[in-house]
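# Geometric and topological summary
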Amino acid sequence: MTRMRSATGQSRDEFRAHDGGNVVSLQTSKVSVGDWLYSPHAGEERLVEELRGFLLASLLKPRGEFEKACFLIVGDANVTKERYAAAFFHGLEIYAKRKFEFYNPGSLKLGTDEMWVARLILALKSEDYSTVRYLMSRRIDPVGQRRLSFLAQGLATALTDDFEF
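Residues numbered from 1 in each chain as written. Predicted model: local features only at pLDDT ≥ 70, side-chain atom pairs only at ≥ 80, totals over all residues. Heavy atoms only, no water.

## Regarding the confidence of the model for the protein chain
What counts is decided by this rule: As a per-residue quantity, pLDDT reports the predictor's confidence and falls between 0 and 100. Where helices and strands are cited, they refer to DSSP runs of H or I of at least four residues and of E of at least two residues respectively, numbered from the N terminus. Only heavy atoms enter the contact rule, under which two residues are in contact if any of them lie within 4.5 Å.
For the protein chain, mean pLDDT is 79; residues scoring 70 or higher make up 73% of the total. For the protein chain, per-element mean pLDDT is lowest for strand β1 (residues 17-18), which scores 40, and highest for helix α5 (residues 129-139), which scores 94. Confidence drops under a pLDDT of 50 for residues 1-8, and excluding neighbours within four residues, the segment shows 10 contacts in the predicted structure.

The following block contains the structure:
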């Protein structure tokens, strides 16, 4: 019986998964798994820090009817970033597929949910709408994607005026 071998001459048994079978080790790769950890740049860290502050401020505001808040924002030409943020985070509470978790302001760690919001804001800033649709589809129920995209666009416009990326 012959054993199947890859183009590099390795048998199928030599391609073993490590770390409990979650990652397949490519034998010819020169980059270790640890080298792929993402390190956010200073602009992303400042953006996340500002988003944390807006989240805490929005938690202190009364929760009205979300639909009415969106209509009021649409009709007002001078909407502050605080109003966009309050409505956006309120919408996340309603339409998120799972509970979002944010660290307190000043924390050195960046959570995956915080980075999701930062990437959403940055994708809107760069007008990368396919990425926006993808990010929304992963974390937001379909019924809320349009409203939250609108609020995120307003928040991105207001926030990124303060930052250079």
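## Description of the side chain of Asp113
The condition is simple: When a residue's accessible area, from a 1.4 Å probe over protein chains only, is under 20% of the maximum for its type it is buried; when over 50% it is exposed; and in between it is partly exposed.
The residue Asp113 is located in helix α4 (residues 112-125) in this model. Residue Asp113 is classed as buried on the basis of its relative accessible area, which comes to 3%. Among residues more than four places away in sequence, those in contact with Asp113 are Arg98, Lys99, Phe100, Glu101, Phe102 and Arg139.

## Some words on the packing of aromatic side chains
Inclusion rule: Each Phe, Tyr or Trp ring, with Trp reduced to its six-membered ring, pairs with another whose centre is within 6.5 Å; inter-plane angles below 30 degrees give stacked pairs, above 60 give edge-to-face pairs, and intermediate values give tilted ones. Charge over a ring is defined by NZ of Lys or CZ of Arg lying within 6 Å of the ring centre and within 35 degrees of the ring normal.
Under the defined criterion, the tally for this structure stands at five aromatic pairs. Ring geometry for Tyr84 against Phe150: centres 6.4 Å apart, planes inclined by 65°, an arrangement best described as edge-to-face. Placement of the pair is Tyr84 in helix α3 (residues 81-95) and Phe150 in helix α6 (residues 142-159), with a sequence separation of 66 residues. Residue class for Tyr84 comes out buried when judged on its relative accessible area of 13%. For Phe150, a relative accessible area of 33% gives the class partly exposed. Seen in terms of ring centroids, Phe88 and Phe89 are 5.5 Å apart; in terms of plane orientation they differ by 70°. Their pairing is edge-to-face. Its relative accessible area of 1% is what places Phe88 among the buried residues. Through a chain of ring-to-ring contacts, the aromatic side chains of Phe88, Phe89 and Phe102 assemble into a single cluster. Its end group placed over the ring of Phe100, Arg98 keeps NZ or CZ at 6.0 Å from the ring centre. Positioned above the aromatic ring of Phe100, the side-chain terminus of Arg139 is 5.8 Å from the ring centre.

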